[in-house]
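# Per-entry structural report
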Amino acid sequence: MNEAREGKMTEEFISRCRSHGLKVTPQRLAIFRALAGSKEHPSADAVYRRLVREHPTISFDTVNRTLLTFAEIGVIETVESHSGVRRYETDLMSHHHLHCVKCGRIIDFTDSSLDDIPVPSNAPGSFTILGKRVVFSGICEECRKKKS
Ligand SMILES: [Zn+2]
Ligand SMILES: [Zn+2]
């Protein structure tokens, strides 16, 4: 991630936390940065393993609880998962996912025609749309190569 983008994300993160009355401690900032620095839509465990190298005193429980709080106030997003383990990302911009059912890899991509998909008229009830995400499940290139 380039520095300007990272700076902007951090700024947004801090102002969102403040507007929700959440204090931005150095530890919380480190957790956010560890997640923001990963393109892999990591689980709490993966974020913890990334962090513990530089912050040996941090506990898994702290990382886990902090990520849940971040997701609750909307500074990060929970993404779909095939394994039942909650995974997260900081990219709140509209984008879509290719999700490998073998290795669990989630690859981001953007497509304006997918962003413009209308809500089907036969969708049940009335629903206020806050976001849209299309998830393509399949087998990634690497897993396909491994098989053959
Ligand atoms: Zn794969
Ligand atoms: Zn994503």
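Keep in mind that what you see is a predicted model, and the values were worked out from it rather than measured.

## Side note on the packing of aromatic side chains
For the structure on display, the rule yields four aromatic pairs. Centre to centre, the rings of Phe13 and Phe32 are 4.0 Å apart; their planes meet at 15°, and the pair counts as stacked. Placement of the pair is Phe13 in helix α1 (residues 3-19) and Phe32 in helix α2 (residues 26-36), with a sequence separation of 19 residues. The residues Phe13 and Phe32 share a single accessibility class, namely buried. On the basis of an interplanar angle of 80° and a centroid distance of 5.1 Å, the ring pair of Phe13 and Phe70 is categorised as edge-to-face. Taken together, the positions of Phe13 in helix α1 and Phe70 in helix α4 (residues 60-73) put the pair 57 residues apart, joining distant regions of the chain. Residue classification places Phe13 among the buried positions, given a relative accessible area of 2%.

## Re the sheet that holds strand β5 (residues 135-138)
Taking strand neighbours across the sheet as the criterion, the three strands line up as β4-β3-β5 in an open arrangement whose pairing is mixed. Each edge of the sheet is formed by a strand with only one pairing partner; in this case those strands are β4 (106-109) and β5. Between one strand axis and the next, the sheet turns by 20° as a mean value, whatever way the strands run. Summarising the sheet, strand β3 (residues 96-100) and β4 pair through four bridges and their orientation is antiparallel. Within β4, the residue paired with His96 across the bridge is Phe109.

About the thresholds
Residues numbered from 1 in each chain as written. Chains lettered and ligands numbered in written order. Predicted model: local features only at pLDDT ≥ 70, side-chain atom pairs only at ≥ 80, totals over all residues. Heavy atoms only, no water. Phe/Tyr/Trp six-rings, centres within 6.5 Å; stacked < 30°, edge-to-face > 60°. Helix = DSSP H or I, 4+ residues; strand = E, 2+ residues; numbered from the N terminus. Buried < 20%, exposed > 50% of the residue type's maximum accessible area, 1.4 Å probe, protein only. Pairing = 2+ DSSP bridges. Axes fitted to C-alpha atoms, helices over the stretch in contact; angles between N-to-C directions.

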